[in-house]
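# Working through the structure, step by step
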Amino acid sequence: MCGIIGFTGSLPAKDILIDGLARLEYRGYDSAGIALLNDDDTLTIRKKAGRVDELRAMCSDREYTSTCGIGHTRWATHGGVTDINAHPHKCGKVAIIHNGIIENYYDIIREYGLADMLVSETDTEVVAALLDKLYDGDPVKTIKKAVNIISGSFALCIMFADHPGKIYAVRNVSPMVAASSEKGSIIASDLTAIISFSKEYFVVPEYHILTMTEEGIKVEDMKGNVVKPQMLEITWDIEAAQKGGFPHYMLKEIYEQPDSLRNTITPRVVDGLPDFTEDGIDDEVFKNCTNITVVACGTAMHAGIVGKAMIEAELKIPVNVEIASEFRYKEPLIDDKTLVIVTSQSGETIDTLEALRLAKRCGSKVLSVVNVKGSTIARESDYVLYTHAGPEIAVASTKAYSVQMAAMYLIGCRIGLVKGIYTEEKARQFIASLLSVIPVIEETLKQADRVKEVANYIKMAPDAFFIGRGIDYTLSLEGALKLKEISYVHAEAYAAGELKHGTIALITENVPVIALATQEAVYGKMISNIREVKARGAYVILISMDDKVDDKTVCDKHIRIPKQDNLFSVFATAVILQLIAYYTSDAKGLDVDKPRNLAKSVTVE
Ligand code: AGP
C-alpha cells in the first residue's frame, strides 16, 4: 500500500518524482522520500516522516541536477512512522524503494549476517543490505540472486551508485506499470503517476528484471531472455484524475456517479437486454453455475452483499459472500458448479487476489468485477467485467461501490435470462429500471445541503447507528463503514429487527440513528423499530421515499429519495450515505481524501 516511482531521462528528476508522489499519495502517506543518482557515482537521499508536501519543502533547499531517481510514499508495515524508516533505503552502493512485504526478511538478516548493516526497522532495508552484500558489479545478476532469496510481495526500484542513469526494477504481486518516451523512462505503482508522461504503458511482468535508461526500458526474464511487454493505452486523461474544481476527490467522485453508472451499464445493454459479448464473457459460465460465491474486501464486499440480496430475491440462486482475508485461509465450499465473483476497485488487493487464486485451484470459474484496467486481479481472472468509473482517487470508495452494485445487477439479470428465470420482457424491464437510477441519482444529489445539516449534528457524536431491513440493511453496512473511515465517528450497522436483542442498550439521548426505510414490504416494521429507538432518545435521520415525514415520534430529520422500484433504491440511498460521511468528515476539518491509517489499495496482508 505504498506509492513508488522511478524516472531516468533528459530532465531533472526531483520535481518529476515529487509530483508523481503527490499523485500516488492516496496509496499511503506516512512518510515520503527520494533518492537521486548523481553523475559522480554518488547517491543523494532526502526523506522524512510526513506528507509529500513536507518532502517538497525539504527538497527546495538547493538545486538538484540529477536526471535519475526513485521516490516513495509509505504506508507503514514494518517499523514505525519515522524518518529512518522512510524509503528510499541506502546500503553501500545500493538505493532501493519497495511496496510489499518481504516475509523472510528476518531469516535473511541471520543467514547473510546483515544485522550490523541495518539502521531501520524495515524489511526493505534488509533487501538493500542483501543486494549490497551480493553486489559484484553486475546489477542484473545481483538482482537475480536476491530475487531467488527473498519471498513475499514486492515491487522494487533499485539504483547502484556506479551505474549512473540506470534504474532497475522487479516485482512479485505488488503492482508496477512502466512507460518510456522522448523524455526518458518512468515506472510507478499505478497510472496516476505516469499519465502526464505517456499515453502508452505496460504492466511490469512478474519476475522480470527491468533496466531503465534515458533511451528506453529493457525487460528480461530470469533466464536473461529479453521480452517485449504488451503495450496498453491509457484511456484516462489527466483532467479525469484531478479534482475538477471540487474541494475533495471524494466529493467529485460522488458527483461522477451518474456518468460512472452510464459508462458501466450502457455498453452492456443491446436491444434493451444485458449483453456481455464485448466483454468476452461466455454464457456457459452462467448456465453451468448452481451457486455463486462473491469474494472481496471492505466496500467491494458490501457491493457483493447487495448483489446477494438482489440475486437471491430475484433468481432464488444461493449467493455466499466471503471476506477475502477469511476465505483464503479455509477449505472453501466451492466447486466447478460455483461461479466465483471477485470484486475489486483497484484489482490489486492482495487478500482478494489470493482468494481468486484459491478459487481457481478449487476448479471454480472466476469472473472479476474490476475498475482498474490491466490490474493483477483482472489479468488472473477467467472473465472480467470492467466497471468504467474512471480513476477513483479518494481512499473512501464511492463511485466504485455504485458501479460494482450495477455490475452485480447486470450479472444477475444476465443469469436470469440465460437460465430462463427471466423472460426477455422481464429482463428488458429490469434493465430499464437499472438505467433509470441515473437520473434518480442526479435528482438525489440535490439533497446535498439537507445532508450537510444532518452532518453538522453527527459530527459531535462519538457513536452512530445505521439500521435497516432487507436490502436496506445491506446498505447500512456501507453507510457505517463510510462514516467510520473518514470521520472517525464510531458507527455500527444493525438489522433493525435485531437491535432490541441487545444493542438497543446503547441507544441513549441524542445518539444519531440513520434509519433506512425504502422497502415497502417491511416499511411498517421499520417504523416500529424507529419508534423503539426514538422512545429512548435517539436522534433519528430517516432516509425514505416518503414525500414528507413530520411525525416527531418517527424522525428528527427526513431525507427523501425519489420514488422508484424498491430493488433499485440502493443507488440513491448509497449517495445519501456517502454524502453523510463526506460532510461529517469535512465538518470536522479532517482530510477527507486521505483518512488516517488507511490507503487506497491494500496490497499487503
Ligand atoms: C472503501 O471505502 C475502503 N477504502 C476499502 O474498504 C476498499 O473498498 C477495500 O480495501 C477493497 O479495495 P478494492 O476494491 O480496491 O479491492
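As the structure is a prediction and not an experimental result, all values here were calculated from the model.

This part is about the pattern of salt bridges. As enumerated under the stated definition, the model contains 39 salt bridges in all. Arg56 serves as the salt-bridge partner of Asp19, at 2.9 Å between the closest nitrogen and oxygen. Of this pair, Asp19 sits in helix H1 (residues 13-24) while Arg56 sits in helix H2 (residues 52-58), and the two are 37 residues apart along the sequence. Overall, Arg56 belongs to the partly exposed group, its relative accessible area being 30%. One connected set of salt bridges, linked through shared partners, spans Asp19, Asp53 and Arg56.

Moving on, we come to the sheet that holds strand S20 (residues 365-370). With respect to topology, 5 strands assemble into an open sheet ordered S18-S17-S19-S20-S21, the strand pairing being parallel. Each edge of the sheet is formed by a strand with only one pairing partner; in this case those strands are strand S18 (319-323) and strand S21 (383-386). Sheet twist, expressed as the mean angle between neighbouring strand axes with direction ignored, is 20°. Judged from the 5 bridges that link them, strand S17 (residues 291-296) and S18 form a sheet pairing that is parallel. The residue bridging Val295 from the neighbouring strand is Glu322, located in S18. Each of S17, S18 and strand S19 (338-344) is contacted by helix H9 (residues 298-315), which is oriented at about 170° to S18, the strand it contacts most.

We now examine helix H16 (residues 471-487). Here H16 is 17 residues long and its end C-alpha atoms lie 25 Å apart, about the 24 Å a rise of 1.5 Å per residue gives. Counting buried positions along H16 yields 14 of 17 residues, so the element is predominantly enclosed.

This brings us to the site of the ligand. Near the ligand there are 14 residues, and of these Ser344, Gln345, Ser346, Thr349 and Glu485 occur at the shortest range. Within the backbone of Gln345, an N or O atom sits 2.7 Å from an oxygen atom of the ligand. One nitrogen or oxygen atom from the main chain of Ser397 is found 2.8 Å from an oxygen atom belonging to the ligand. For the ligand, the protein covers 91% of the area, taking 410 Å² as the surface of the free molecule. Using a 2 Å cut-off from the grid points, one finds that the ligand occupies the largest pocket. Listing elements by their share of the shell around the ligand, those giving two or more residues are H9 and H16.

When you line up the elements, Ala128 lands in helix H4 (residues 123-134). According to the relative accessible area criterion, Ala128 is buried, its value standing at 0%. Separated by 87 residues in the primary sequence, Ala128 and Glu215 place their C-alpha atoms 26 Å from one another. Contacts of Ala128, omitting those with residues within four sequence positions, involve His89, Cys91, Val94 and Ile96.

Running from N to C, helix H15 (residues 448-458) and helix H18 (residues 570-587) cross one another at 55°; their axes reach a closest spacing of 8 Å. Taken as axis vectors, H15 and H18 run oblique relative to one another. Judged by the sense of rotation from one axis to the other, the crossing of H15 with H18 is right-handed. Where H15 abuts H18, its residues Ala448, Val451, Lys452, Ala455, Asn456 and Ile458 lie against Ile576, Leu579, Ile580, Tyr583, Thr584 and Ala587.

Let us now look at the pairing of strand S4 (residues 68-74). Consecutive residues of a regular strand have side chains that alternate between opposite faces of the sheet. Across the 7 residues that make up S4, a large majority, 7, are buried. Neither face of S4 is left uncovered, since the one carrying Cys68, Ile70, His72 and Arg74 and the one carrying Gly69, Gly71 and Thr73 both have all their residues buried. Note: strand S1 (residues 3-9) against S4, 6 bridges, orientation antiparallel. Paired with Phe7 across the bridge in S4 is Gly69.

Pairing is parallel in the open sheet, where 5 strands are placed in the order S23-S22-S24-S25-S26. For this open sheet the edge positions go to strand S23 (490-495) and strand S26 (557-560), each flanked by a neighbour on one side alone. The average undirected angle you get between the axes of adjacent strands in this sheet is 20°. Taken together, the 6 bridges between strand S22 (residues 463-468) and S23 define a ladder with parallel strand orientation. Bridge assignment links Ile467 to a residue of S23, and that residue is Tyr494. The strands touched by H15 are strand S24 (512-517), strand S25 (539-544) and S26; relative to S26, the strand with the most contacts, the crossing angle is about 140°. Of the strands in this sheet, S22, S24 and S25 touch helix H17 (residues 523-534), which is tilted by about 170° from S24.

This part takes up the pairing of strand S6 (residues 94-102). With 9 of 9 residues buried, S6 is to be regarded as a mostly interior element. Where strand S5 (residues 89-91) meets S6, 3 bridges bridge the pair, whose relative direction is antiparallel. Paired with His89 across the bridge in S6 is Ile96. Hairpin remark: S5 followed by S6, antiparallel, with 2 residues in the connecting loop; positive phi at Gly92, about 60°. The pairing of S6 with strand S7 (residues 152-160) spans 9 bridges and is classified as antiparallel. For Asn99, the partnering residue across the bridge sits in S7 and is Ala155.

With that settled, the discussion passes to empty space enclosed by the protein. As enumerated under the stated definition, the model contains 2 cavities of 30 Å³ or more in all. Each pocket or cavity is described by its volume, and for the largest cavity that value is around 290 Å³. Taken together, 27 residues line the largest cavity, and the ones lying closest to its centre are Ser189, Asp190, Ser346, Glu348 and Val372. Broken down by secondary-structure element, the contributors of at least two residues to the lining of the largest cavity are strand S11 (200-203) and helix H12 (376-380). Grouping the amino acids of the lining of the largest cavity by side-chain chemistry returns 11 nonpolar, 8 polar and 8 charged. Its volume calculated, the second largest cavity comes out at about 60 Å³.

Estimated volume of the largest pocket: approximately 550 Å³. Lining the largest pocket are 28 residues, with Cys297, Gly298, Thr299, Lys600 and Val602 sitting closest to its centre. Looking at the lining of the largest pocket, the elements that each hand over two or more residues are H9, S19, helix H11 (350-361) and H16. Counting residues per element, the lining of the largest pocket draws most heavily on H9, at 4 residues. In terms of residue class, the lining of the largest pocket is built from 11 nonpolar, 13 polar and 4 charged.

Rules of the game
- Residues numbered from 1 in each chain as written.
- Predicted model: local features only at pLDDT ≥ 70, side-chain atom pairs only at ≥ 80, totals over all residues.
- Heavy atoms only, no water.
- Salt bridge = Lys/Arg side-chain N within 4 Å of Asp/Glu carboxyl O.
- Helix = DSSP H or I, 4+ residues; strand = E, 2+ residues; numbered from the N terminus.
- Buried < 20%, exposed > 50% of the residue type's maximum accessible area, 1.4 Å probe, protein only.
- Pairing = 2+ DSSP bridges.
- Axes fitted to C-alpha atoms, helices over the stretch in contact; angles between N-to-C directions.
- Contact = heavy atoms within 4.5 Å.
- Expected span 1.5 Å × (residues − 1).
- Near = heavy atom within 4 Å.
- Polar contact = N/O pair within 3.5 Å; in protein donor to acceptor, adjacent residues only side chain to side chain.
- Areas by Shrake-Rupley, 256 points an atom, 1.4 Å probe, with all protein chains shown as cover.
- 1 Å grid on protein atoms, 1.4 Å probe; cavity = no way out; pocket = protein on both sides within 12 Å on 5 of 7 lines; lining within 4 Å.
- Sits in = over half its atoms within 2 Å of the grid points.
- Parallel < 35°, antiparallel > 145°, perpendicular 65-115°, else oblique.
- Left-handed = near helix turned anticlockwise from the far one by under 90°.
- Points joined across faces, edges and corners; volume = space filled by probe spheres on them.
- Nonpolar A, V, L, I, M, F, W, Y, C, P; charged D, E, K, R; others polar.

Any link to function would need more than the numbers given here.
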